[in-house]
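Working through the structure, step by step
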Amino acid sequence: MASTEQTRRTDTGSRLIKAAPSVIYRALVEPEAVASWRPPKGMRGEVLAFDAREGGSFRMAFIYEEAGSHGKTSDNADVFEGRFAELVPDKRVVELVGFESDDPAFAGTMRIVTTLAPVDGGTLVSVSCEDVPAGIGEDDHREGIASSLENLAAFAET
């Protein structure tokens, strides 16, 4: 059987968003904004703690909107906490995230790197999730990243 380290992977996604990097950066570091755009389709977000500074921590819950869902933390929720490892205004956010779960398949720290690159017509937003826990399905995760980027675009482009 493969060890947890061998099954970890990197999932990525990107999207052109028709907004300036400064607008998108603010959406990455303001708790109300993050709660509105980050949860993928079928979930809603709750910010439980949020200190947006390098070394600052956060704690959030994504609540499944449909009955019968199976969350990582409880039947209907994924609770996670982390810290901001790097904040470069209008360019880059690095977060270290861990899920609250009794299931060892969700253990460990995932590193999420979001980069903002100005391009004609807006900003190319790229997300790289490194050391993804083995319990997170690759297709589901990539779909979730794409959904969150779609939500971010809707939030930032208005």
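That block above? That's the structure.
Attention here is on the structure that accompanies the text. (Residues numbered from 1 in each chain as written. Predicted model: local features only at pLDDT ≥ 70, side-chain atom pairs only at ≥ 80, totals over all residues. Heavy atoms only, no water.)

Examining the overall build of the protein chain
A tally of helices and strands in the protein chain yields four helices and seven strands. The secondary structure elements of the protein chain, listed N-terminal to C-terminal, are α-β-α-α-β-β-β-β-β-β-α. Residue burial in the protein chain is summarised as follows: out of 158 residues, 41% are buried. Summarising the internal contacts of the protein chain: among those between residues at least 6 apart in sequence, 51% fall at separations of at least 24. (Helix = DSSP H or I, 4+ residues; strand = E, 2+ residues; numbered from the N terminus. Buried < 20%, exposed > 50% of the residue type's maximum accessible area, 1.4 Å probe, protein only. Contact = heavy atoms within 4.5 Å.)

Observations regarding the nonpolar core
In terms of nonpolar packing, the biggest core is built from 34 residues, with Ile17, Ile24 and Leu152 touching the most fellow members. Elements represented by at least two residues in this core include exactly α2 (21–29), α3 (31–37), β3 (57–64), β4 (77–88), β5 (92–99), β6 (110–119), β7 (122–132) and α4 (138–156). Setting aside residues no more than four positions away along its own chain, Ile17 makes contact with Ile24, Gly121, Gly122, Thr123, Val125, Leu149, Leu152, Ala153, Ala156 and Glu157. (Core = buried A, V, L, I, M, F, W, Y, C linked by side-chain atoms within 4.5 Å.)

So, the packing of aromatic side chains
Remark: the centre distance and the inter-plane angle together describe each pair of aromatic rings, the angle taken between the planes. A complete count under the given rule lists five aromatic pairs for this structure. Look at Phe50 and Phe58: their rings are 6.3 Å apart centre to centre, the planes differ by 45°, and that puts the pair in the tilted class. With centroids separated by 5.5 Å and ring planes inclined at 75°, the aromatic side chains of Phe50 and Phe84 adopt a geometry described as edge-to-face. Of the two residues, Phe50 sits in strand β2 (residues 43–50) while Phe84 sits in strand β4, which places them 34 residues apart along the sequence. Overall, the relative accessible area of 0% leaves Phe84 in the buried class. Three or more aromatic residues joined by ring pairs make a cluster, and in this case those are Phe50, Phe58 and Phe84. (Phe/Tyr/Trp six-rings, centres within 6.5 Å; stacked < 30°, edge-to-face > 60°.)

Considering α4
Between the first and last C-alpha of α4 there are 27 Å, a value that for 19 residues agrees with the 27 Å anticipated at 1.5 Å per step. For α4, the set of buried residues is His141, Gly144, Ile145, Ser147, Ser148, Leu149, Leu152, Ala153 and Ala156. Against β1 (9–17), α2, α3, β6 and β7 lie the buried residues of α4. (Expected span 1.5 Å × (residues − 1).)

So, the pattern of salt bridges
Under the definition given, this model contains ten salt bridges. Between Asp11 and Arg9 there is a salt bridge whose closest N-O contact spans 2.9 Å. With respect to class, Asp11 is no different from Arg9; both count as buried. Through salt bridges with shared partners, a single network forms among Arg9, Asp11, Glu138 and Arg142. (Salt bridge = Lys/Arg side-chain N within 4 Å of Asp/Glu carboxyl O.)

So, the pairing of β2
Pairing geometry for β2 and β3, over seven bridges, is antiparallel. Bridge pairing links Ala49 to Arg59 in β3. Linking β2 back to β3 in an antiparallel pair, the connection comprises six residues, with Gly55 at a positive phi of about 90°. (Pairing = 2+ DSSP bridges.)

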